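Analysis of the macromolecular model
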Amino acid sequence: MRSLAASALALMLALPAQAADEMTLILDWFVNPDHGPIIVAQELGYFAEQDLEVEIIAPADPSDPPKMVAAGRADLGVSYQPQLHLQVAEGLPLIRVGTLVATPLNCLLVLEDGPVKTLADLDGRKVGFSVAGVEEALLTKILSNGGLTMDDIKLVNVNWSLSPALMAGQVDAVIGAFRNFELNQMEIEGIAGRCFYLEEEGIPAYDELIYVANPDTMDADMIRRFLTATELATQYIINNPEAAWEVFSGTAKELQDELNAKAWVDTYPRFSLTPAGLDAGRYARFEAFLADSGLVEGTRPVSQLAVDLGAQ
């Protein structure tokens, strides 16, 4: 019996380890503190513990991730809840499978010492933007709080140069600025900024950054394991923010600067503690908001927009 047991053990040791499942994740932009749970999960081995080998790709264009996921060129993509609603309405095969950043980051940004003290002060002024569509709907609602319409302002496409355009005086405000980055970027430059927060101006709260997959081809089990790993990473970050920052910033020299350090402090409290969990009402309310704004025709049920894989 001992001989048989020894032979069996020797055979087990001789067998190659089972290969981890390979997964491709395309980010929404270059690596930055918004992606903390993903990078920390990679560095601390949480993906490996879930038998996953995750390839993390930064896109050449921030509009690429949803298209690549829909086309089957990536298993998961980091995207934005507002854009998801528009893309599903357009017929792209996409669905939200998890949440990365669970609060809005977008804001309407002005100079602290500038001429815009209230929303009504935007009358006749220039407002910079980068992405047409959703941001115009958000701006329409915000302006209405100051008794204004889109006809009362001049929109200027600043091509992702949001805070530089504001600081240079090219525009009087910008929509699409992330409160965890642009505010810090301006502070470092010695120019104070001030945000009008969307969720305080009547815009339904939404998930800023989400994970999207193709509902027709996705591997639900693999995605569940991915979300388990990022949940463990988020718990580590919340419990050990300074140590987690060292792990995160240690992955690339370009992350080790004042802007990223400040952004980390402002970002990590906003990571979703339950990335697989779904607030269905949040998606229903934002869908209704977009329909009321005329950006989508009719409304889609939440089941076409998002799924709670943890409940399945």
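Below or above, wherever it landed, is the structure these notes cover. A quick note: this is a predicted structure, and the numbers were derived from the prediction, not measured.

Points about the environment of Asn-184
Mapped onto the secondary structure, Asn-184 falls in helix α8 (residues 182-188). Each C-alpha atom, one on Asn-184 and one on Val-296, is 34 Å from the other, the two residues being 112 residues apart in sequence. Beyond its immediate sequence surroundings of up to four residues, Asn-184 is in contact with Leu-259, Lys-262, Ala-263 and Asp-266. Among the polar contacts made by the side chain of Asn-184, one reaches the main-chain carbonyl oxygen of Asn-180 at a distance of 2.8 Å.

Considering the sheet that holds strand β6 (residues 126-129)
Pairing in this open sheet of five strands is mixed, and the strands run β7-β6-β8-β5-β9 from one edge to the other. Lying at the two open borders of the sheet, with one neighbouring strand each, are β7 (154-157) and β9 (193-197). When the angles between neighbouring strand axes are averaged without regard to direction, this sheet yields 35°. Where β6 meets β7, four bridges bridge the pair, whose relative direction is parallel. Bridge assignment links Lys-126 to a residue of β7, and that residue is Lys-154. Packed onto the sheet, helix α6 (residues 134-144) meets β5 (106-111), β6, β7 and β8 (173-178) and runs at close to 60° relative to β5.

A word on the nonpolar core
Ranked by size, the top nonpolar core spans 43 residues in total, and within it Leu-25, Leu-76, Val-97, Tyr-211 and Phe-226 carry the most contacts. In terms of residue count, the dominant contributor to this core is helix α9 (residues 220-239) (seven residues). Judged by nonpolar contacts, the second largest core, of 25 residues, contains Leu-108, Val-116, Val-127 and Ile-153.

Overview of the pattern of salt bridges
Applying the stated rule across the entire model yields seven salt bridges. Here Asp-21 and Arg-225 are joined by a salt bridge, their closest N and O atoms 2.6 Å apart. Here Asp-21 is found in strand β1 (residues 21-26), whereas its partner Arg-225 is found in helix α9, with 204 residues between them in sequence. Asp-21 sits in the partly exposed class, given a relative accessible area of 32%. Close ionic contact of Arg-125 with Asp-172 constitutes a salt bridge, the shortest N to O distance being 3.9 Å. Residue Arg-125 is located in the loop between β5 and β6, and its partner Asp-172 is located in the loop between α7 (162-167) and β8; the two are separated by 47 residues in the primary sequence. On the accessibility criterion, Arg-125 (27% relative accessible area) is partly exposed. Its relative accessible area of 22% is what places Asp-172 among the partly exposed residues.

Parameters at a glance
Residues numbered from 1 in each chain as written. Predicted model: local features only at pLDDT ≥ 70, side-chain atom pairs only at ≥ 80, totals over all residues. Heavy atoms only, no water. Helix = DSSP H or I, 4+ residues; strand = E, 2+ residues; numbered from the N terminus. Contact = heavy atoms within 4.5 Å. Polar contact = N/O pair within 3.5 Å; in protein donor to acceptor, adjacent residues only side chain to side chain. Pairing = 2+ DSSP bridges. Axes fitted to C-alpha atoms, helices over the stretch in contact; angles between N-to-C directions. Core = buried A, V, L, I, M, F, W, Y, C linked by side-chain atoms within 4.5 Å. Buried < 20%, exposed > 50% of the residue type's maximum accessible area, 1.4 Å probe, protein only. Salt bridge = Lys/Arg side-chain N within 4 Å of Asp/Glu carboxyl O.

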